[in-house]
Amino acid sequence: MKYLVLLFLLLNVAAQAQEKPYSMRVGYGWASNNDLGDIISGKLGSTPQNLTVVNIDGGYLLKKGMFDLPIDIYAKGGLSRFNELSGSTYEATLYIKALYNLDFYDNRVRFGFGEGVSYASSVLDVERLEEAPKNGNTSKFLNYLDITVDVDLGRLINYEPMKDVYLGYLLKHRSGVFGLYNGVSGGSNYNTLYIETNF
């Protein structure tokens, strides 16, 4: 993973163009036994099984300054590898993401919300464990939410070559949206730390 982080930093330093329409993100996270509402309120939680994820995402800027507001819209996709009790599970995601840029004192904080779909090679253990006591449905194909908050490291430490390199927190959320997707009422949440660069 350290080599991917180094690659992202080098890509950012090497980028010379004023407009940086592409983004790349690498992250590492752990499964939570809390639901979406609990995590948003600050109760991150974890599972006793030590279930983890490593992911990489790429994106393309569709619209900068949507509605004349500091909101950027991206088309994004990602690949994840989950460390499961029975081995590895792989996931592909496709989603549209809005990023709200909050600039203050020469710093930038971004709040992001992405909505799309997720397909996993097998049902995630955390989803299976949640649904087993309820005899609920599970599915490889589910809704995907990508909720983030990050800070621009270059602006924070006043170092121009690292401008547009972001360090942040991601909530990876898969769910059936109360049964809309294949009758699945539950889902999974992964707390993730990441580094992202625009180039």
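Position numbers for residues count from 1 along each chain, tracking the sequence in the order it is written. Residue-level local features of this predicted model are given only where pLDDT is at least 70; pairs of side-chain atoms are given and counted only at 80 or more, and the full residue set underlies all totals for whole chains, interfaces and linings. In computing side-chain properties, one takes all heavy atoms of the structure into account and sets aside hydrogens as well as water.

### Comments concerning the sheet that holds strand E6 (residues 141–152)
Two orientations exist for strands paired in a sheet by backbone hydrogen bonds: parallel and antiparallel. Convention followed: DSSP bridges decide pairing: two strands pair if at least two such bridges lie between them. Under the DSSP-based scheme used, a helix requires at least four consecutive residues in state H or I and a strand at least two consecutive residues in state E, with every element numbered from the N terminus. A fitted line through C-alpha atoms serves as each axis, taken over the contacting stretch for helices, and the angle formed by two N-to-C directions is quoted from 0 to 180°.
On the basis of which strands lie adjacent, the closed barrel formed by 8 strands has the order E1-E2-E3-E4-E5-E6-E7-E8 and antiparallel pairing. In this sheet, adjacent strand axes meet at a mean angle of 25° when their direction is disregarded. As paired strands, E6 and strand E7 (residues 165–175) are joined by 10 bridges and run antiparallel to one another. When the bridges of E7 are listed, isoleucine 147 appears paired with leucine 171.

### What to know about the confidence of the model for the chain
Our working definition: Confidence of the prediction at every residue is given by pLDDT, a number between 0 and 100. Contact between two residues is taken to exist if any of their heavy atoms lie within 4.5 Å; hydrogens are not considered.
With 89% of its residues at a pLDDT of 70 or more, the chain shows a mean pLDDT of 88. Contacts from residues 13–17, a stretch scored under 50 in pLDDT, to residues over four places away or in other chains number 3 contacts.

### A word on the nonpolar core
Put simply, the rule is: The criterion is simple. A nonpolar core is a set of buried Ala, Val, Leu, Ile, Met, Phe, Trp, Tyr and Cys residues joined through side-chain atoms within 4.5 Å. Each residue is assigned to one of three classes by its accessible area relative to the maximum for its type, calculated with a 1.4 Å probe on protein chains only: buried under 20%, partly exposed between the two thresholds, exposed over 50%.
Core analysis: the biggest nonpolar cluster contains 7 residues, these being Ala31, Leu51, Val53, Phe82, Leu124, Val126 and Tyr190. When neighbours within four sequence positions are excluded, valine 53 is seen to be in contact with Gly27, Tyr28, Gly29, Ser80, Arg81, Phe82, Lys172, Tyr190 and Thr192. In terms of nonpolar packing, the next biggest core, distinct from the first, is built from 5 residues, Val26, Leu153, Met162 and Val165 among them.

### What about the pairing of E6?
Both faces of the sheet carry side chains from a regular strand, because those side chains alternate between them. Summarising burial for E6: 9 of the 12 residues are buried, a large majority. Pairing between strand E5 (residues 107–120) and E6: 11 bridges, direction antiparallel. In the sheet register, glycine 114 faces E6, and the bridge partner there is aspartate 146.

### A word on the environment of glycine 116
Turning to its location among the elements, glycine 116 is positioned in strand E5. Taking the C-alpha atoms as reference points, glycine 116 and leucine 145, 29 residues apart in sequence, are found 6.5 Å from one another. Each residue touching glycine 116, except ones within four places of it in the same chain, is listed here: Leu94, Tyr95, Asn143, Tyr144 and Tyr181.

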